[in-house]
Amino acid sequence: MRDNNYLKIGVLGGMGPEASAAFYLRIIKLFQTELDAQFNFEYPEMMIHNIPSPDNVEAGVNEELKEYLLNSVELLEKAGMELLAIPCNSAHVHIDAVVDAANVLVMNILEETARSVNEAGARRILLLGTKSTLKYGTYLPHFKRYGIEAVIPSPAHQDVITYAIMAVCDGSLNAQNKQDVLDVINDYPDIQGVVLGCTEIPLIVSQDDMAVTCFDTNEILASATFERCQLKLG
């Protein structure tokens, strides 16, 4: 079997499915645009485990979700995956447990995003995400390390964002959902950027829709994973 010398990428996915598919496609596009990949053997080996995990948008993240994640780590490692990524912000409440359980490199969307915000020079950002992500404050220690202030949406605005996220998850996304998210962003004018801290949100709005700098966490994770998977090349 041909080995193209890229680390094999295992994706703990399905949280939700469309965001995982978007993550995969973004990595493929990066290989095309950055490395001129054309033939099948010029892309990395990848495996997506679509985890049938409990709801983590409104119901929260708990020990049951952690067990699903740890089982996924075991499955992907047994399949020979050498680099793991979780294109789900909410699930990162268990990132330390995943890292401890894994025998391979695990990407961290929280740290990669905080680093990207810092490199852009933004010091006050609006953090959009699921109620789980905001409730557990998973991003805050990473932002604090770089001196970044995170503005948390009001409970009413969190409801609007949750409704839009669920529209992606059930396939009912429409133009009004998009406008609702943009209206929330526009209600916070005193910010230097907005972090799309749920990987469904970039499927609703993008940089093209707003004047303020947009930090797409799915894109950030894909770009970092693209770079890391080349480590095997030295």
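Rules behind the numbers
- Residues numbered from 1 in each chain as written.
- Predicted model: local features only at pLDDT ≥ 70, side-chain atom pairs only at ≥ 80, totals over all residues.
- Heavy atoms only, no water.
- Phe/Tyr/Trp six-rings, centres within 6.5 Å; stacked < 30°, edge-to-face > 60°.
- Helix = DSSP H or I, 4+ residues; strand = E, 2+ residues; numbered from the N terminus.
- Buried < 20%, exposed > 50% of the residue type's maximum accessible area, 1.4 Å probe, protein only.
- Contact = heavy atoms within 4.5 Å.
- Core = buried A, V, L, I, M, F, W, Y, C linked by side-chain atoms within 4.5 Å.
- Expected span 1.5 Å × (residues − 1).
- Pairing = 2+ DSSP bridges.

Participant: Any chance you could break down the packing of aromatic side chains for me, citing the residues and the numbers?
Facilitator: The final tally for this structure, using the stated rule, is 5 aromatic pairs. Centroid distance Phe 31 to Phe 226: 5.0 Å. Interplanar angle 90°. Geometry classified as edge-to-face. Linking Phe 31 in helix 1 (residues 17-35) with Phe 226 in helix 9 (residues 217-228), this pair joins segments that are 195 residues apart in sequence. Taken as a pair, Phe 31 and Phe 226 share a single burial class, namely buried. Here the aromatic rings of Tyr 139 and Phe 143 are separated by 5.2 Å at their centres, their planes lie at 15°, and the arrangement is stacked. For the pair Tyr 139 and Phe 143, a shared accessibility class is recorded, and that class is buried.

Participant: Just give me the short version of the environment of Val 11, but keep the residues and values in it.
Facilitator: When you line up the elements, Val 11 lands in strand 1 (residues 9-13). Residue classification places Val 11 among the buried residues on the basis of a relative accessible area of 1%. With 157 residues separating them in the primary sequence, Val 11 and Val 168 have C-alpha atoms 20 Å apart. Beyond its immediate sequence surroundings of up to four residues, Val 11 is in contact with Phe 23, Met 46, Met 47, Ile 48, His 49, Leu 76, Ala 85 and Pro 87.

Participant: So what about the nonpolar core? Which residues, and what values?
Facilitator: If you look at the biggest cluster of nonpolar residues, it comprises 33 residues, and the most contacted ones within it are Phe 31, Val 117, Ile 125 and Phe 143. Put simply, the parts of the chain that give this core at least two residues each are strand 1, helix 1, strand 3 (83-85), helix 4 (109-120), strand 5 (124-128) and helix 9. Ignoring any residue separated from it by four or fewer positions in sequence, one finds Ile 125 in contact with Val 117, Phe 143, Ile 148, Glu 149, Ala 150, Val 151, Ile 191, Gly 193, Val 195 and Phe 215.

Participant: Tell me about unusual backbone geometry, and please be specific about residues and values.
Facilitator: Here the residue pair Met 15 and Gly 16 is connected by a cis peptide bond, since its omega of 0° sits within 30 degrees of zero. Here Gly 16 shows up in the loop between strand 1 and helix 1. The backbone phi angle of Asp 36 is positive, close to 55°, even though this residue is not glycine. Counting through the fold element by element, Asp 36 comes out in the loop between helix 1 and strand 2 (46-50).

Participant: I'd like to hear about helix 9, residue by residue, with values.
Facilitator: The end-to-end C-alpha distance of helix 9, which contains 12 residues, comes to 16 Å, matching closely the 16 Å that a straight helix rising 1.5 Å per residue would cover. Regarding helix 9, the residues found buried are Thr 217, Asn 218, Ile 220, Leu 221, Ala 222, Ala 224, Thr 225 and Phe 226. Packing partners of the buried residues in helix 9 comprise strand 1, helix 1, strand 3, helix 4, strand 7 (193-196) and strand 8 (214-216).

Participant: Pulling in residues and values, what's your account of the pairing of strand 7?
Facilitator: Side-chain alternation along strand 7 places Gly 193 and Val 195 on one buried face and Val 194 and Leu 196 on a second face that is also buried. Relative to strand 8, strand 7 runs parallel, the two being bridged by 3 bridges. Bridge assignment links Val 195 to a residue of strand 8, and that residue is Phe 215.

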